[in-house]
Amino acid sequence: MLNVKINGKAYRVREGTTILEACREVGIHIPTLCYLEEISEEGSCGVCVVEVKGAKTLQRSCVTEVREGMEIFTDTPLVREARKLNVELILAHHNIDCPVCERNGSCELQDIANRVGVKDVRFEQAPFFYKEDLSAPVVRDPSKCIFCQRCVNVCDEIQSVSALSIAHRGMRTFVGAPFGNLLVDTPCVNCGQCIMYCPTGALTERDDTMRVWDALNDPDKYVVASTAPSIRASLGELFGYPPGTFVRGKVATALKMLGFEKVFDTNFSADLTIVEEASELIERAKNNEKLPIMTSCCPAWIKFLEEYYPEFIPNVSSAKSPQGMMGAVVKSYFAEQMSIPPEKIFHVSVMPCTAKKFEAERRETWSHEFPDVDAVITTRELAQMIKEAGIDFKNLPDSEYDNPLGEYSGAGTIFGVTGGVMEAALRTAYDLFTGKKLEDVEFKPLRNFEGIRVAEVMLDGVNMRVAVANTLGKARELLEAIKSGEEKIHFMEVMACPGGCIGGGGQPIPSTDEIIRKRAEALYTDDEKSTVRKSYLNPWVRELYKNFLGEPGSELAHRLLHTHYEKRLLWEKVGKSN
Ligand code: SF4
Ligand code: SF4
Ligand code: SF4
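All of these numbers come straight from a predicted model, not from anything done at the bench.

## Looking at the pairing of strand E2 (residues 9-13)
Here is step 1: Pairing between strand E1 (residues 2-6) and E2: five bridges, direction antiparallel. Each bridged residue has a counterpart across the sheet, and for Ile6 the counterpart in E2 is Lys9.
Here is step 2: Between E1 and E2, which pair antiparallel in sequence order, lie two residues; one of them, Asn7, sits at a positive phi of approximately 50 degrees.

## Observations concerning the domain arrangement of the protein chain
Here is step 1: Considered domain by domain, the protein chain is made up of domain 1 (2-91), domain 2 (127-205) and domain 3 (209-561).
Here is step 2: Averaged C-alpha coordinates put domain 2 and domain 3 at centres separated by 28 Å.
Here is step 3: At the interface, 18 residues of domain 2 touch 26 residues of domain 3.
Here is step 4: When the area that domain 2 buries against domain 3 is broken down by residue, the three leading residues are Val189, Met196 and Glu205, summing to 35%.
Here is step 5: On the surface where domain 2 and domain 3 come into contact, there are one salt bridge.
Here is step 6: As a salt-bridge pair, Arg380 and Glu205 come within 3.3 Å of each other at their nearest N and O atoms.
Here is step 7: In this structure, the connection of domain 2 to domain 3 is made through 13 residue pairs in polar contact (both at pLDDT 80 or more).
Here is step 8: It is helix H5 (residues 193-197) that provides the largest number of residues to the side of domain 2 that touches domain 3, a total of four residues.
Here is step 9: Broken down by class, the residue content of the side of domain 2 that touches domain 3 amounts to 11 nonpolar, six polar and one charged.

## Quick look at unusual backbone geometry
Here is step 1: For the bond from Leu291 to Pro292, the omega torsion is 0 degrees, close enough to zero to count as cis.
Here is step 2: Considering the arrangement of structural elements, one finds Pro292 in the loop between helix H8 (266-287) and strand E12 (293-294).
Here is step 3: The phi dihedral of Asn190 is positive, around 65 degrees, even though this residue is not glycine.
Here is step 4: Examined against the element boundaries, Asn190 turns out to sit in the loop between strand E8 (174-176) and H5.
Here is step 5: Although it is not a glycine, Lys290 adopts a positive phi angle of roughly 45 degrees.
Here is step 6: Looking at the element boundaries, Lys290 is found in the loop between H8 and E12.
Here is step 7: Look at Lys290 and you get partly exposed, because its relative accessible area is 44%.

## Observations regarding the sheet that holds strand E15 (residues 452-459)
Strand pairing within a sheet occurs via backbone hydrogen bonds; the two strands may be parallel or antiparallel.
Here is step 1: The strand order E12-E17-E16-E15 describes an open sheet built from four strands, whose pairing is mixed. Among the strands making up the open sheet, the edge pair consists of E12 and E15.
Here is step 2: Relative to strand E16 (residues 462-470), E15 is paired through eight bridges, and the arrangement is antiparallel. By the bridge assignment for E16, Glu456 is matched with Arg465.
Here is step 3: Set on the sheet, helix H14 (residues 420-434) makes contact with E15, E16 and strand E17 (491-495); between it and E17 the angle comes to about 155 degrees.
Here is step 4: Contacting E12, E15, E16 and E17, helix H15 (residues 472-484) runs over the sheet at an angle of about 155 degrees to E17.

Here is what the cut-offs are and how they apply
Residues numbered from 1 in each chain as written. Chains lettered and ligands numbered in written order. Predicted model: local features only at pLDDT ≥ 70, side-chain atom pairs only at ≥ 80, totals over all residues. Heavy atoms only, no water. Pairing = 2+ DSSP bridges. Helix = DSSP H or I, 4+ residues; strand = E, 2+ residues; numbered from the N terminus. Domains from an automatic or database assignment. Contact = heavy atoms within 4.5 Å. Buried area = accessible area lost by both parts, 1.4 Å probe. Salt bridge = Lys/Arg side-chain N within 4 Å of Asp/Glu carboxyl O. Polar contact = N/O pair within 3.5 Å; in protein donor to acceptor, adjacent residues only side chain to side chain. Nonpolar A, V, L, I, M, F, W, Y, C, P; charged D, E, K, R; others polar. Buried < 20%, exposed > 50% of the residue type's maximum accessible area, 1.4 Å probe, protein only. Axes fitted to C-alpha atoms, helices over the stretch in contact; angles between N-to-C directions.

Quick look at the structure:
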């Protein structure tokens, strides 16, 4: 510990911490636009400056370590004026169109300009040199970029994708895809984590709400919605509810008020995914082939594998994701039951995820000549539509989802949390593999937010080693350990976003660790309260097999519910073309 003085008061602070961290620990919050704990320590925005006794210039507190006897001043007239000046300089390079910006109300730049007392910008507006990049589900607007490089660091350090970089200098500084490429031509996996950490509206998701409004207003379309597990625990935040408030019934009511004919639950198809995936797991484990089997429900993870580890593509379960399965079943089983031509159905998938927009466009996920999922909107986009329609979300009564695709087991709901897919699969695999009934269905060692979790499960005398990777950076570590022979795993779950889909790139901003944990608790509680907690016992899933698909893994199930993946290696092409 070190002895320091902050604003004239003596404190003992940890050696090795920066001034910014030390101040936070004693309850003094220094404003910053580029710092992210353990991820981004750029010192680029200059908003966190402080005075240090004896130093000739102001110090950037996020990159200056505390020293014994240091005297720090965080709130002098000089500090206040410098912060204001730096924010004004940032604003002079920023396209200030707050009323029409997606981040209006959740923008850190807006908030900090207000906090440091900026009332006017004394500088001329700088010219903008670069166009918007609309090529991918993650949209980049350079005119709103403040060059903080949080996105670069998050993409690099959390996801180990490195699709973004900084180039040029001065007024021509540019943060985005390297070598002037469009994002679509890079190994970007569309996870949207850069959006979640961007302090401004420079990164957003592609807006697909207009296409949904058009479909809702088209008398020739039969428009249905399906909603992902995690939406029910996060959408409420955008209407003033505390994080983790369970709003499933209100979501159904709001969607019906918007004009959707039917509202289905992606939890149902999560159960279906488990039935197909568990059957595949059992088959492969018995024959000891293509192990570890890897989960396939996260499209960012799938693209990551296609880009960086194509040698593992045969290991991925061929079962489509819950979104993919819902799409296929809506345009086959449901269309048949209702005698509606599948091409008349417009299926909107509400997801916590920007990568699901990409997944829906992949030809190999379609079961017809047209997409199974016509539009994917994020949690944020759904909230926007509800607000545009003037629906008073907080005062809505609850409604039921629609069958035959609206009921789910507790296993389906925990898909939204890291480790949940694995836990759900083990509940079904145990019963089907052993012919016995698993009594304690909660796999506690899998229920935490560690980057990599490994556990052992006995299935009828076979010792299964299972692993969960939380983020792509951790998946890379695990894959390297498997490749080198250091780890032997039978079954592996990867979710790209921190905490799983509850921390997805389409979720409400902010999504701090604390908020993500609250959303997770809501899903675990929903599971606990469920009378059916194993996917294969979902009566509507059983009905679907009995009336339509036959057995898990049947020819029809394969045609509709399974897919394949391809080697991409775009990172090689980006390197070679430059
Ligand atoms: S895009 Fe956003 S996160 Fe990235 S450098 Fe610009 S402002 Fe920062
Ligand atoms: S979407 Fe994900 S992979 Fe793509 S640039 Fe952003 S953080 Fe990187
Ligand atoms: S973890 Fe969930 S939200 Fe994130 S990319 Fe994967 S599927 Fe999408």
